[in-house]
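Structural description and commentary
Listed below, chain by chain, are the residues.
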Amino acid sequence: MKYTLYRSFGNLDNEIRKHELAAVEFGPDISAVTNDLVRDVTDDLAGMPEYAGCKTTAYAPEPVQPFRKVKRYSYVMTGQVIPPNAPKNILIEYGIIENNE
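Within each chain, residue numbers correspond to sequence positions counted from 1 in written order. Where local features are concerned, this predicted model is filtered to residues with pLDDT of at least 70; where side-chain atom pairs are given and counted, the filter is 80 or more; whole-chain, interface and lining totals use all residues. Each side-chain value is derived from all of the structure's non-hydrogen atoms; neither hydrogens nor water enter the calculation.

On to the nonpolar core, then. Counting 19 residues, the largest nonpolar core has Leu5, Leu45, Tyr51 and Met77 as the members making the most contacts within it. For the purposes of this entry, the term helix denotes a DSSP run of H or I that reaches at least four residues, the term strand denotes a run of E that reaches at least two, and both are numbered from the N terminus. Residue assignment for this core shows that the elements contributing at least two residues are β1 (2-7), α1 (30-46), β5 (75-82) and β6 (90-99). Per-element accounting of this core gives the leading share, five residues, to α1. Leu5 has contacts with Glu20, Leu21, Ala22, Ala23, Leu37, Asp40, Val41, Met77, Tyr94, Gly95 and Ile96, leaving out every residue within four places of it along the chain. Grouped together as the second largest cluster of nonpolar side chains are seven residues, Tyr6, Leu12, Val64 and Val70 included. Throughout, nonpolar core names a set of buried Ala, Val, Leu, Ile, Met, Phe, Trp, Tyr and Cys residues whose side chains join them through atoms within 4.5 Å. Relative accessibility under 20% of the residue-type maximum defines a buried residue, over 50% an exposed one, and the middle range a partly exposed one, all with a 1.4 Å probe and only protein chains included. Residue contacts are defined here by distance: any two heavy atoms, one from each residue, within 4.5 Å place the two residues in contact.

Okay, here's the thing in C-alpha cells:
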C-alpha cells in the first residue's frame, strides 16, 4: 500500500486543494507505517522556518470521521508544536491518502 501524507493549513477541511505534499510511505497496512508517518509529521513541522527550534510531536493516524467535509483522505493525523519555545500550542492536521500500489 502507498500512503501519501499532505499538510493542511491547520484544519483539514479548509483550502483542500492547496494542501502540500509532506511525505510518501509504503507498507502492507497503516499500522506498519505509523511510526514512519509520525516521524514524517514531526520532521515536517520542525523543518518549517516559523517553528525552527520548537519541539514537535504527532498523534497516530486515525480514520477520517464522517462529519468531515474532506472526502479524499482515508486517515487524519495531528501534528503539534509545543510551548515554551513555540508562542502557543499549535495544532496542524495532516491528511493521508491510501492507495493500492
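This next bit is on the pattern of salt bridges. For this document, the term salt bridge refers to a Lys or Arg side-chain nitrogen within 4 Å of an Asp or Glu carboxyl oxygen. A full pass over the atoms with the stated rule returns eight salt bridges. The shortest N-O distance in the salt bridge between Arg68 and Asp13 comes to 3.4 Å. Of this pair, Arg68 sits in the loop between β4 (62-63) and β5 while Asp13 sits in the loop between β1 and β2 (20-26), and the two are 55 residues apart along the sequence. The residues Arg68 and Asp13 share a single accessibility class, namely buried. With a closest N to O distance of 2.6 Å, Glu93 and Arg68 form a salt bridge. Of the two residues, Glu93 sits in strand β6 while Arg68 sits in the loop between β4 and β5, which places them 25 residues apart along the sequence. An identical accessibility class is assigned to Glu93 and Arg68; each is buried.

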